[in-house]
Amino acid sequence: MGGIFSDTVLNGSLLLALPVALLAGVVSFLSPCVLPLVPGYLGYVTGLTGVDLAKQRRGRMVAGIGLFVLGFTAVFVATGAVFGQLGSWLAISSGWLTRVLGIVVVLMGIVFMGGLGIFQREARVHARPPAGLWGAPLLGITFGLGWVPCIGPTLAAVQVLAFSDGPSAYKGALLTFVYCLGLGVPFLLIALGLRRGLGAMAFFKKHRRALQGAGGGLLILVGVLMVSGVWTYWISQLQIWIGTVELPV
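Residues numbered from 1 in each chain as written. Predicted model: local features only at pLDDT ≥ 70, side-chain atom pairs only at ≥ 80, totals over all residues. Heavy atoms only, no water.

1. Observations concerning the overall build of the protein chain
Scanning the protein chain from N- to C-terminus turns up 12 helices and 0 strands. Helices (α) and strands (β) of the protein chain occur, in sequence order from the N terminus, as α-α-α-α-α-α-α-α-α-α-α-α. A fraction of 83% describes how many contacts in the protein chain between residues 6 or more apart in sequence connect residues 24 or more apart. Accessible area for the protein chain stands at about 12,300 Å²; split by element, carbon and sulfur atoms hold 72% of it. (Helix = DSSP H or I, 4+ residues; strand = E, 2+ residues; numbered from the N terminus. Contact = heavy atoms within 4.5 Å. Areas by Shrake-Rupley, 256 points an atom, 1.4 Å probe, with all protein chains shown as cover.)

2. Some remarks on the UniProt feature "transmembrane region" (unreviewed entry) in the protein chain
Per the UniProt entry, the sites bearing "transmembrane region" (unreviewed entry) are residues 20-42, 62-84, 96-119, 131-161, 173-194 and 215-234 in this numbering. End C-alpha atoms of residues 20-42 are separated by 27 Å, and the span's content is 70% helix alongside 0% strand. The span residues 215-234 is 95% helix and 0% strand, and its two end C-alpha atoms sit 22 Å from each other. (UniProt positions renumbered as here; feature names shortened; annotations may be inferred.)

3. Focus on the environment of Trp89
Mapped onto the secondary structure, Trp89 falls in helix α5 (residues 58-90). Given the relative accessible area of 66%, Trp89 is considered exposed. For the pair Trp89 and Ser168, spaced 79 residues apart in sequence, the C-alpha to C-alpha distance is 8.6 Å. (Buried < 20%, exposed > 50% of the residue type's maximum accessible area, 1.4 Å probe, protein only.)

4. A word on the nonpolar core
Phe29, Phe68, Phe76, Leu175, Tyr179, Phe187 and Trp231 are the most contacted members of the largest nonpolar core, which totals 59 residues. For this core, the leading source of residues is helix α2 (residues 12-30), giving 10 residues. For Phe29, the residues in contact, after removing those within four places along its chain, are Val34, Leu35, Val38, Gly182, Leu183, Pro186, Phe187 and Ile190. (Core = buried A, V, L, I, M, F, W, Y, C linked by side-chain atoms within 4.5 Å.)

5. Here's the deal with the side chain of Thr176
When you line up the elements, Thr176 lands in helix α9 (residues 169-192). Discounting residues that sit within four places of it in the chain, Thr176 has contacts with Phe76, Val77, Gly80, Leu155, Val158 and Gln159.

So this is what it looks like as structure tokens:
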């Protein structure tokens, strides 16, 4: 098990994909579909009113948000593992597949920026778990089971990276976990420093269009790199470099 994990980590494609997955998670958090709803999530998962939140009851907020993040992380990581394993079972490793998947990532970037109207519809699970700490992980699970135009494209791009270039369930789970870190850690940071966090949110809300464009641009850039073959070339060069590195005994 340890050998499989180390081989997965020391993989050229993974070293390129991990920072993309992390940044995609941060971009998802800052998107218009998530950022404006953060105060509502804070109140719902803690069962506190706006007045209670203003008193900065950090322990309860951090616990509630932590359980919420664990809920959607479980869903996303399981999905990532399935995509990675599916790619491994199909055992398709060729330049044309990477190019086709690159086109998918480009399309996801366009969706993220508001294009392709058919994908702008939300598909959420409308079950309402009880407010408070007991319902927090269930809310996270329902959050993870739907399609939201600002989260679906970034997550889909991460799943594409998990599916291509030496896929495995480990790679899919790890990439998606890193995506969840990018999406979930900002929730926790705001819960820890509520007043300052809400102040920072005002700045990002003001520039939400620019952030949406930057996030979509990131996905399109990755897709273009995959279509052009540059992504595959970088992976091969990283794998050569990793093979020449001598670790200290």
